[in-house]
Amino acid sequence: MQESIIDKLLEQCRDGNPISQAPALQELVDLKASVAVPVILDLLKSPDEGIRFCAAEALGDLGVKEIESVGPALINLLADPEGLVRSGATDSLGILGYKPARKPVESLLLTDPDPMVRASAAETLGDLGDLDAVESLKLSIQDADETVRAYAANSLGLLGTPDLLPQLQAYIESESSLKVKAELLAAKYRLGAAEDINRLLNLLENADEDLATVILNIFTDLTERKIPSAIAVDATKICEVLALVSQRFLMLAGQVQNLRGQFKRLESRSN
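Remember, predicted model here, so these are calculated numbers, not experimental data. (Residues numbered from 1 in each chain as written. Predicted model: local features only at pLDDT ≥ 70, side-chain atom pairs only at ≥ 80, totals over all residues. Heavy atoms only, no water.)

K.L.:
Teacher, can you tell me more about the packing of aromatic side chains here?
P.N.:
Think of a pair of aromatic rings as described by two things: how far the centres are apart, and how the planes are tilted against each other in angle. Per the counting criterion, the structure on display carries one aromatic pair. The interplanar angle of 80° and the centroid separation of 5.8 Å between the aromatic rings of F219 and F263 together place this pair among those described as edge-to-face. Residue F219 is located in helix α14 (residues 209–222), and its partner F263 is located in helix α16 (residues 253–270); the two are separated by 44 residues in the primary sequence. Taken as a pair, F219 and F263 share a single burial class, namely buried. (Phe/Tyr/Trp six-rings, centres within 6.5 Å; stacked < 30°, edge-to-face > 60°. Helix = DSSP H or I, 4+ residues; strand = E, 2+ residues; numbered from the N terminus. Buried < 20%, exposed > 50% of the residue type's maximum accessible area, 1.4 Å probe, protein only.)

K.L.:
Even after reading the chapter, I still don't get the pattern of salt bridges, so can you show me in this structure?
P.N.:
Opposite charge on two side chains allows them to pair when their charged atoms are near. The tally for this structure, following the rule as stated, stands at 15 salt bridges. R102 is the partner of D130 in a salt bridge, and the nearest nitrogen-oxygen pair spans 3.1 Å. Placement of D130 in the loop between α8 (115–128) and α9 (134–140) and of R102 in helix α7 (residues 102–111) is noted, with a sequence separation of 28 residues between them. The buried category is assigned to R102, whose relative accessible area is 12%. Between E175 and R149 there is a salt bridge, with the nearest N and O atoms lying 2.9 Å from each other. With E175 in the loop between α11 (165–174) and α12 (178–190) and R149 in helix α10 (residues 146–159), the pair connects residues that are 26 residues apart, well separated along the chain. Given the relative accessible area of 11%, R149 is considered buried. (Salt bridge = Lys/Arg side-chain N within 4 Å of Asp/Glu carboxyl O.)

K.L.:
Explain the nonpolar core here, please?
P.N.:
Nonpolar side chains tend to gather and get buried jointly when the protein is soluble and globular. One finds L137, L200, F219 and F263 to be the most contacted residues of the largest nonpolar core, which totals 95 residues. The leading source of residues in this core is α14, at eight residues. (Core = buried A, V, L, I, M, F, W, Y, C linked by side-chain atoms within 4.5 Å.)

This is the structure we're talking about:
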C-alpha cells in the first residue's frame, strides 16, 4: 500500500507542476521515503525557486544514505541565485553533517549578501563540528545582523575551547542585543564558565515573551548537545526560574514542562 502511495508521489514530483510537486515532497519526507532521493535530486534543477528550496530541505531529511551524491549536489546549490535556496541547502548540509561542506559554507558566512544565508551558515558550521571554522565564527560575532551573531555565538559554544572565554566576555560587554547576549552567556556556560548560568537566568526572569522564547530554546539546546558539565548541579535553580516563566507566559507552559523534565532527568543521572 505504501509503495503505491510513494509511486504516485514520485509521479507528482516528475510532472513539472510546482503546485503538485511541493506537497508531494513534503509527503515523501513524512513517509521517510529515502527511495525518492534520485528524483528529488533532479528537482534541484527546477526553474521554480520554491521547488529547489523544498527539494534541498527534503534531502536534509532523506539523503543520509546517499550522502556521496546528495552532499556534492547540495554544495553546488550554494551558488544558487536565490537566497532562500542557498539557505535551505546550507541547512541540509548541516543536518546531514556533510563535513566537506565546511569551506564553502564558511565562504557564505563571510561573503553572502543575504543575512538569512549567513545565519544558516553560522548554524551549519556548528553542526559540522569542524574546529577550523572558529576563526570565521569569531569574525561573524561582529556581523551587522542580530540573527547571524546569535547563531555564530551558539556555534562558538559548540566548537570552542575554554581559552575562548575572555573573548566571549568581551563580545558580551560590547553587544547591545539581549538575544545575542543570551547566546554568548550560554556559549560561555558550555565552555566551563559555570557562574554565567546566573546571568542567563537573570535575563530569563526579566525577559519579555519573545526573549523568553529564545532563552527556552537555548536551554533545550544545552540539554541536547555538548551538555555543560555543571548543568546537573544547576538543574534545581533552573527549574525554579522555569516555573516562574510558565506562570508569566501561559503560551510557553508546554515547552517549560518538557524542559523541566529534561533537567530533572539530567539531575537524577548525576546522583
